[in-house]
Amino acid sequence: MIAGLAMLLPLRLATYRLAPNGPSRLGMIYIRLLLWGLRIKVYADGPLASEGLIIANHISWTDILILGSCQQAAFVAKSEVRGWPLLGLLARMHGTLFVQREGRGSAQRQVAALAAVLARGPVILFPEGTTGNGAQVLPFRPTLFAAAAGRTVQPVAIIYRPRNRKWAPGERAAFAWDGDKPFWPHLLTIAAAGPVDCRIVTHRPIRTASADRKELAAACHRIVCDAHANATSNEDRD
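1. Re the packing of aromatic side chains
Inspection of every chain in the model, using the stated rule, returns six aromatic pairs. The interplanar angle of 65° and the centroid separation of 5.1 Å between the aromatic rings of tryptophan 61 and phenylalanine 183 together place this pair among those described as edge-to-face. Note that tryptophan 61 is positioned in the loop between strand S2 (53-56) and helix H3 (62-68) and phenylalanine 183 in helix H7 (residues 183-192), a separation of 122 residues in sequence. Phenylalanine 183 shares its class with tryptophan 61; the two are buried. The interplanar angle of 70° and the centroid separation of 6.1 Å between the aromatic rings of tryptophan 177 and phenylalanine 183 together place this pair among those described as edge-to-face. Exposure remark for phenylalanine 183: the relative accessible area of 7% places this residue in the buried category.

2. Digging into the nonpolar core
Counting 36 residues, the largest nonpolar core has Ile40, Trp61, Ile66, Leu67, Tyr160 and Phe175 as its most contacted members. Residue assignment for this core shows that the elements contributing at least two residues are helix H2 (25-38), S2, H3, helix H4 (87-93), strand S6 (152-162), H7 and strand S7 (196-202). Per-element tally for this core: the top contributor is H2, with five residues. Look past the residues within four positions of leucine 67 in its chain and what remains in contact with it is Leu48, Ala56, Phe75, Ile124, Phe126, Val156, Ile158 and Ile200. Core analysis: the next-biggest nonpolar cluster, separate from the first, contains 29 residues, Val76, Leu114, Ala147 and Ile159 among them.

3. A short note on the side chain of asparagine 57
Here asparagine 57 lies in the loop between S2 and H3. Here isoleucine 158 takes part through its backbone nitrogen, which lies 2.7 Å from a polar atom of the side chain of asparagine 57. Every residue in contact with asparagine 57, bar those within four places of it in the chain, is listed here: Asp63, Phe126, Glu128, Val137, Val156, Ala157, Ile158, Val224 and His228.

What counts and how
- Residues numbered from 1 in each chain as written.
- Predicted model: local features only at pLDDT ≥ 70, side-chain atom pairs only at ≥ 80, totals over all residues.
- Heavy atoms only, no water.
- Phe/Tyr/Trp six-rings, centres within 6.5 Å; stacked < 30°, edge-to-face > 60°.
- Helix = DSSP H or I, 4+ residues; strand = E, 2+ residues; numbered from the N terminus.
- Buried < 20%, exposed > 50% of the residue type's maximum accessible area, 1.4 Å probe, protein only.
- Core = buried A, V, L, I, M, F, W, Y, C linked by side-chain atoms within 4.5 Å.
- Contact = heavy atoms within 4.5 Å.
- Polar contact = N/O pair within 3.5 Å; in protein donor to acceptor, adjacent residues only side chain to side chain.

Here it is in structure tokens:
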């Protein structure tokens, strides 16, 4: 599987030269091939928005592949991601906006930069600012919600589940890329986990004309938490 992913990388580099200015249909096809290689199948309850901000809970680096396979959207990521093995390269080719979280005036610059990217098309943001353990949704940071003023924000919940079975004890936590897990060993963990289904629970986009960024972040957090809780409780009853 690892060899197959490595063989696909030159293909992505070639398609990037054909469409170098951000997310593209060719990029989506490449991502779907990666998911196929990882044996992750995606089920979306509805379409991802074709404009505005799309926000989602964050469990693993695979979330980027999941959402990137469904919509030609740019991503927002912390600046450190630029230098990560494989993921940094893929992020750059997918039109990712890298933000520097520290420093005086950084929040205003981040909002302005995101607003500029939103003017060109949809953008996917993980407002937890980090990855969780998959069992719960962490609080949303409200700062970048300000960039969506006058646009729409679509809350989305990501839920993983082993195909045709429940999580074994400790397996969900091992699948999540939380903490300081190195990338390559975690990739091997994902590859060894067996087939996995990922459900994307989509919510109708929210208009933000008069929404306060903190209120908007809290409302989106409630929607994602409710969708996540409903989906995981249904899993437990299956």
